[in-house]
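# Reading the structure
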Amino acid sequence: MELRASPHAALTGTAGLPGDKSVSHRALMFAALAHGTSRIEGLLEGEDVLATAAALRSLGVDLAREDGAWRVEGRGQDGLAEPDTVLDLGNAGTGARLLMGILAGQPFTSILTGDASLRRRPMRRVVEPLALMGAAFASRSGDRLPLALTGRRPLRAIDYPSPVASAQVKSAVLLAGLFADGDTSVTEPLASRDHTERMLGAMGARLACQPGAGGRHRVTIRGGAQLRAQSFLVPRDPSSAAFPTVAAVLTPGSEVRLPAVGTNPLRTGLYTTLAEMGARFRFEDERTAGGEPVADLVIEGSELRGVEVPPERAPTMIDEYPVLAVAAAFAAGRTVMRGLSELRVKESDRLYGMARGLAACGVQVEIEGDDLIVHGQGMVAGGALIDAHLDHRIAMSFLVLGGRAERPVMVTGAETIETSFPGFRLLMNGLGARIEPVAEPG
């Protein structure tokens, strides 16, 4: 799919965002492991989450959309069935990695695959700790998908020092820890998003979180706990909110309201950074929904200045760097985003992809090691054709850029936007953007 974003006037109005993708994946998987019937309201019905739902059905889980919500009949930790087909997770990296943690504790063999993008992504960071716990793997070089996983019961409890702050790694190990013979711990160099800890704790898992020396974060789970079915309310996705937020901030005269956006402090690094850059926005009616903090986000058009973003902020905004780079291109002065090594192992090499795309749009940009440096100039020429390489966040970021550039921007590979943000184009256009499909010749 090829989309064109043309310059637009002020964005105004209220828009309801899709549910949080991270919470949606977890709600489905955790409900499948629980005893009893769970109900999930606000589930993101994008392709990634639906791929996780399909994989759970292949494991014998009865789940369906009913009356505007999702019903999941929990199988308990001993009730999953050996799949008679390959589990295809599509583009869902979260679905694949967290499911591996569950499958590590199942006494059967499963085979996982995904689309071309997911098959390129590294799985070694999850395979290594799960293999230490006793799961067996057969995979392509680099522990990439397709991958065969043979679980065991019980798994060995481990104390794992994760080399990266990754919620997916942490969550996979904690989920495997449910099936282990003791206490399993994960220590991260910095605290990553904590949805897994919040949700499993509310369902009856025995968890303990401890700060460690030097900013490290340690989580311990005790094996053998039985999870209770829940009624989940999924907050609106703060990562999806980033795109209309930046578009509104960059457009003079804009005022946009985004209700019930998740404000988990381990997910709000973008808003900390935008505030430092001079963006005008506010959180109203702050409250709790489904165990997660949420608020109504109100954004106004603003003038931005360049800033330096410290590397320790990366875990709280890792998915938002592409659209932050777009904001930086329109800011006055230089923005330096440090410590972005994780961007190299997302759906694409986002560090390289953003730098290449910004340069094509006339922005001066540099990569120094794992740092991205954007020289803001107030206005961006645009006029480029951007290949998103099937990366949904790259695609949406350059469509935001095209709305404020001097000339339209076209994006190819935009079909993967549906994996995380179904209805993105309609939502943006409803606020006043101009994003349209490019008609094919003839």
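Preceding block: the structure.
Here goes a summary of the coordinates provided.

### Focus: the side chain of Thr113
When you line up the elements, Thr113 lands in strand S7 (residues 109-113). Residue classification places Thr113 among the buried residues on the basis of a relative accessible area of 15%. Apart from residues lying up to four places away in sequence, Thr113 is in contact with Val86, Leu87, Asp88, Leu89, Gly90, Leu118, Arg119, Leu145 and Pro146.

### Some remarks on the packing of helix H8 (residues 238-249) against helix H9 (residues 269-277)
With their axes 10 Å apart at the nearest point, H8 and H9 run at an angle of 25° to one another. In terms of axis orientation, H8 runs roughly parallel to H9. Of H9, the residues touching H8 (which contributes Pro238, Ala241, Ala242, Thr245 and Val246) are Leu270, Tyr271 and Leu274. Residues that form the contact of H8 with H9 fall into these classes: seven nonpolar, one polar and no charged.

### Things to note about the nonpolar core
Counting residues in hydrophobic clusters, the biggest one holds 75 residues, and the most contacted among them are Tyr321, Met337, Leu358, Phe398 and Leu401. Here this core takes nine residues from helix H10 (residues 321-330), the largest share from any one element. With sequence-adjacent residues up to four places away left out, Leu358 is seen in contact with Ala325, Ala329, Val363, Val365, Val374, Phe398 and Leu401. Counting 65 residues, the second-largest nonpolar core is a separate cluster that includes Leu80, Leu98, Leu103 and Val169.

### Let's talk about the pairing of strand S9 (residues 144-150)
Residue alternation in S9 divides its side chains into a buried set, Leu145, Leu147 and Leu149, and an unburied set, Arg144, Pro146, Ala148 and Thr150. Here S7 pairs with S9 via four bridges, running antiparallel. Opposite Leu112, over in S9, you have Leu147 as the bridge partner.

### A few points about helix H6 (residues 167-177)
Buried residues dominate H6, accounting for 11 of its 11 residues. Of all the positions in H6, only Ala167, Gln168, Val169, Lys170, Ser171, Ala172, Val173, Leu174, Leu175, Ala176 and Gly177 are classed as buried.

Thresholds, definitions, all that
Residues numbered from 1 in each chain as written. Predicted model: local features only at pLDDT ≥ 70, side-chain atom pairs only at ≥ 80, totals over all residues. Heavy atoms only, no water. Helix = DSSP H or I, 4+ residues; strand = E, 2+ residues; numbered from the N terminus. Buried < 20%, exposed > 50% of the residue type's maximum accessible area, 1.4 Å probe, protein only. Contact = heavy atoms within 4.5 Å. Axes fitted to C-alpha atoms, helices over the stretch in contact; angles between N-to-C directions. Parallel < 35°, antiparallel > 145°, perpendicular 65-115°, else oblique. Nonpolar A, V, L, I, M, F, W, Y, C, P; charged D, E, K, R; others polar. Core = buried A, V, L, I, M, F, W, Y, C linked by side-chain atoms within 4.5 Å. Pairing = 2+ DSSP bridges.

Function-wise, these values are silent; they only describe arrangement.
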